[in-house]
Amino acid sequence: MHDEQDGPDAALTELRRHLSDWLAASGLDKTQLARRTGMGRTTVSEAFQSGGPVPSARTVAALAMALGRPADELLRLRRNAVIDGTEPSDAKDPGPGRPIDQWEPHDLEVHPAGTAARGAGLPRQQQLPGYVPREHDRALAEAVRQAQAGRSRMVVLTGTSSTGKTRACWEAIRPLARAGWRLWHPFDPTRADAALKEMSFVGPRTVLWLNEAQHYVGDAQVGEQIAAALHTLLTDEARAPVLVLGTLWPEYAREYTALPGSGRPDPYSRVRELLSGRTVSVPEGFDAESLATATRLAQEGDRLLADALTRAGTHGRITQDLAGAPELLRRYEMGSPAARALLHAAMDARRLRVGPHLTQAFLVEAADGYLADPDYDGLADGWEHAAFAELAEQVHGKQAPLRRVAVRPSEPEHSMHAVVPPGGPPGPVFRLADYLEQHGRATRHLACPPASFWQAAHAHLTNPDDLYRLAHAAHVRYRTQWAHRLAHRAVGSGHASAHRVLASWLKEAGRHQEAESVMRQVTDHDDPQALTSLAMWLASAGKRQEAEVLLRRAFDAGHPHVLSLLADWRRRAGDHEGAETLVRRAAAADHPSAWSILVGWCEEAGDREGAEALAREAADAGRPQALLLLAGWRREAGDHLEAVALAREAAGAGNTEGLRLLVGWCEEAGDREGAELLAREAADAGDPRALLLLARRYEKAGCPEEAEALARQAAAAHDATFLEALALRRDETGDRERAEALARQAADLGNWNALTRLAVRRDEAGDHEGAEVLAREAADGNPNALTWLGFQAMQGHTAADQERTAALIQQGADAGDVYALDVLAVRREEAGDRTAAEALAWRSAEAGVPNPLARLVAFRERAGDLVAARALARQTADAGHAHALGRHGLTARWPFGLDPDGSPTARWQ
């Protein structure tokens, strides 16, 4: 790799060498490359020409993208090539975007206000109501202040539709407009395409506007790449300062930040890291202080706020009112049957995670099943045109319930997330109003779409992600036939993982031959993941020889994790030489895990010298884990100085385990000061485990104050486990005051377990009043704290114990604890109050735990009320909770699934 100090000429030569090598590997000529980039052939030729001018940053990035290579290294070389000031004419391009004062807020998707405008003919920016700052504005203001001080920052506001997120971002950047900052809003040809293509060109003093950030970081194809590019932008000092502002609905924020279950894929790992510590919640409504400020502005002449306060002054949903939500809702509720049918089809599509752009053909065919027989019989010719025209009429704030949108078709080879299928435009495309989308999610979550919806999706949807999501939606509603059909369409459309899911479903249904056929269908394209899946499938069926052939294809196709499995199969078959040859070839090709496999074999054979030689080769090749292995061996051999040097080298390469090793060694040598400095260094690098190690040793050595200080530092770095442990330990020694103080400190940092466990201990000791005080504190972040106390009280047998149990579990349910809801639902059912039992079970299901519904179904079956049991079972399946029924063996009566109307499906092929 080129070193910056080699000079600009060497950097430019290295840049052109990379381009020439990549062009040769691509098989393209320069004319074809120019066509692919959209640049002139002269521009492309000059980029390769020895002695020619330094190509522009945009030219370099465009060439790298067209050749399918990363642009970062080329852009670094280009920067080094212009150190002497020989900069091409476009080098002073400040990057994408334009000055903030050239933007209007509505162009940045700030919701327009209602019709009570301050005056006709005013500029659009002046038609906004007065702004009322709230708590989230403080976080935005701090980010702006940091940006003005030269530090790059990112803030993402999370809140439901029309709560004022985008307007808050607009108000926050006003000071930057006065300072001459620019703003870039990537959206053409699609948001994800634009962001990924232009991100590397963003210059200093730029606001990156990511309204509705799910269209960027949540994009199924490139969301993770965009998250990585944002991280690079925020950490690139050469481009600082930049300010990234985004907005998200809460459900998207939860989806992106949730940790995956054990063994499950992690599709949002980079997004989760990016959002960590950067999201700020926006409340649904104005609090009393904000309403008072809004009232004052209204009294001072703000007609828009005055008008909104007449309707929303009691509940505080001012921003939603200004955005036209009430009129949208009225239009929905009072719409014609045909218009409501179209809206229901759109609502169901969006709540089942179909993309926002819905074709007319899909909506019209889907609407059929939403119409009652009399309404369907009364439809006139051309009814769909009248219904779409009705829904296109604007309400407050220039919004329409279902508006037609212009979708910009992209050439398939350049589009990363094409909305328009390659065969041509799909006809008119429509988008549901945000407020009605959210209203549909809230009011229709128990409804299963009719047969016409699934048929229309199968016939008209073309996006692989949409087809895959609907297949899953059908599956969890036990609409098995449609789940299989839609999954087949998703496989045919090229979805990356639909084949594995469909094969799994087919296998569950006993259709093994069809499942294998699906797996083989996708392996024809040398998809490494598909090859691996089929190989494992065949191996489990005893077809090891064919499985190994496929696994080798997967390895050759670039699957990074099959090498050890392939080598293990060879060794088990007795082919040790073949296994070693395979791994050594992989090691020569710089495979990431080959060296560790070889080292492991050497150690098994007792060949420490060979193992060390291999580890040294891996270390020299930039594998810091190998340095740690060598460090441990050197220390075992008594060469402490070399061990420390190796551990420090590993830490310098970004592996904080090296620092933890050094912490332990310093402690063993009695160097507490050195150990603490190293532990803090590890925590600053994002690894608080070294602090925890020191804290435990200080506690064991009888130094509680030092232990607590280190535990607090670790908790501030997102690991409060030892702070919790110290709180419990102080309680065991009788220091209740200190225990509660430490537990509250842990709670302030997001760990509520200490308060909960202290509450249970107080209760066990008979201090019921003190226990309930602590449990109510813990319930702010851990709703099941009160339920735990209720279960504790169950151990008593007096009437007072039972009364206290019921009260605590009810309080837990009121705080949102799903386990309390489960207990209460069963108790209400046992008492004969079925209505209350179902209400509690549905609340639990809405919180993500549908098991109480299945328990109620089973309870009614045992009681002999099969009609009620089956009715509730079908409602549960309709709402997408069929898996809960399956866990209780309650779907056996529907061996082929359910039809959309809820009746059992007949045998099908």
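Each chain carries its own residue numbering, running from 1 in the direction its sequence is written. Selection of residues for local features in this predicted model requires a pLDDT of at least 70, selection of side-chain atom pairs for listing and counting requires 80 or more, and totals for whole chains, interfaces and linings are taken over all residues. Computation of side-chain values: all heavy atoms of the structure, hydrogens and water removed.

**Looking at helix 38 (residues 704-716)**
Strands here mean DSSP runs of E at least two residues long; helices mean DSSP runs of H or I at least four residues long; both are numbered from the N terminus. Expected helix span is computed as 1.5 Å times (number of residues minus one). For helix 38, built from 13 residues, the straight-helix expectation of 18 Å at 1.5 Å per residue is met to within 8% by its first-to-last C-alpha distance of 18 Å. When a residue's accessible area, from a 1.4 Å probe over protein chains only, is under 20% of the maximum for its type it is buried; when over 50% it is exposed; and in between it is partly exposed. Turning to helix 38, its buried residues number three or more, namely Ala 707, Glu 708, Leu 710, Ala 711, Ala 714 and Ala 715. End-on, the buried residues of helix 38 take up no more than an arc of 165 degrees, which puts them together on one face. In helix 38, those exposed residues whose orientation departs by more than 90 degrees from the buried face are Glu 705 and Ala 716. To be clear, the arc concerns the directions from the helix axis to the C-beta atoms.

**Considering helix 35 (residues 657-668)**
Helical geometry: 3.6 residues make up each α-helical turn, so side chains three or four residues apart lie on a common side. Helix length check: helix 35, at 12 residues, gives a terminal C-alpha distance of 17 Å against a target of 16 Å (1.5 Å per residue), a fit within 8%. Burial analysis of helix 35 places nine of its 12 residues in the buried class, which makes it a mostly covered element. Residues of helix 35 that are buried: Gly 658, Leu 659, Arg 660, Leu 662, Val 663, Gly 664, Trp 665, Cys 666 and Glu 667. Remark: Gly 670 follows helix 35 within two positions and exhibits a positive phi of approximately 80 degrees.

**Details of the environment of Ser 152**
When you line up the elements, Ser 152 lands in the loop between helix 6 (135-148) and strand 2 (153-158). The class for Ser 152 is buried, based on a relative accessible area of 11%. C-alpha of Ser 152 to C-alpha of Val 244: the two residues are 92 residues apart in sequence and 8.1 Å apart in space. Here a residue-residue contact requires only that any non-hydrogen atoms of the pair lie within 4.5 Å. The contact partners of Ser 152, leaving out residues within four places of it in the chain, are Leu 234, Ala 240, Pro 241 and Val 242. There is a polar contact of 3.0 Å between the side chain of Ser 152 and the backbone nitrogen of Val 242. N or O atoms within 3.5 Å of each other form a polar contact, as long as, within protein, one can give a hydrogen and the other can take it, and as long as residues adjacent in sequence are counted only when both atoms are side-chain atoms.

**Thoughts on the sheet that holds strand 9 (residues 429-432)**
Only strands that DSSP links by at least two bridges are regarded as paired with each other. If you trace the three strands from one edge of the open sheet to the other, you get 7-9-8, paired in antiparallel fashion. Each having just a single partner strand, strand 7 (358-359) and strand 8 (402-405) make up the two edges of the open sheet. Examined bridge by bridge, strand 8 and strand 9 share four bridges and lie antiparallel to one another. Within strand 9, the position partnered with Leu 402 by the bridge is Leu 432.

**Here we look at the packing of helix 4 (residues 57-66) against helix 5 (residues 72-81)**
Angles run from 0 to 180 degrees between N-to-C directions of axes, and those axes are lines fitted to C-alpha atoms, restricted for helices to the stretch in contact. Running from N to C, helix 4 and helix 5 cross one another at 155 degrees; their axes reach a closest spacing of 9 Å. As summarised for this structure, helix 4 and helix 5 are arranged roughly antiparallel, according to the angle between their axes. The crossing of helix 4 and helix 5 is right-handed. Contacts between helix 4 and helix 5 involve Ala 57, Val 60 and Ala 64 from the former and Leu 74, Leu 75 and Arg 78 from the latter. We call Asp, Glu, Lys and Arg charged. Ala, Val, Leu, Ile, Met, Phe, Trp, Tyr, Cys and Pro are nonpolar, and the rest, Gly among them, are polar. Across the contact of helix 4 with helix 5, the residue classes break down as five nonpolar, no polar and one charged. Roughly parallel means an angle under 35 degrees; roughly antiparallel means over 145; roughly perpendicular covers 65 to 115; every other angle is labelled oblique. Handedness of a helix crossing follows the sense of rotation of the near helix relative to the far helix, less than a right angle counterclockwise being left-handed and clockwise being right-handed.

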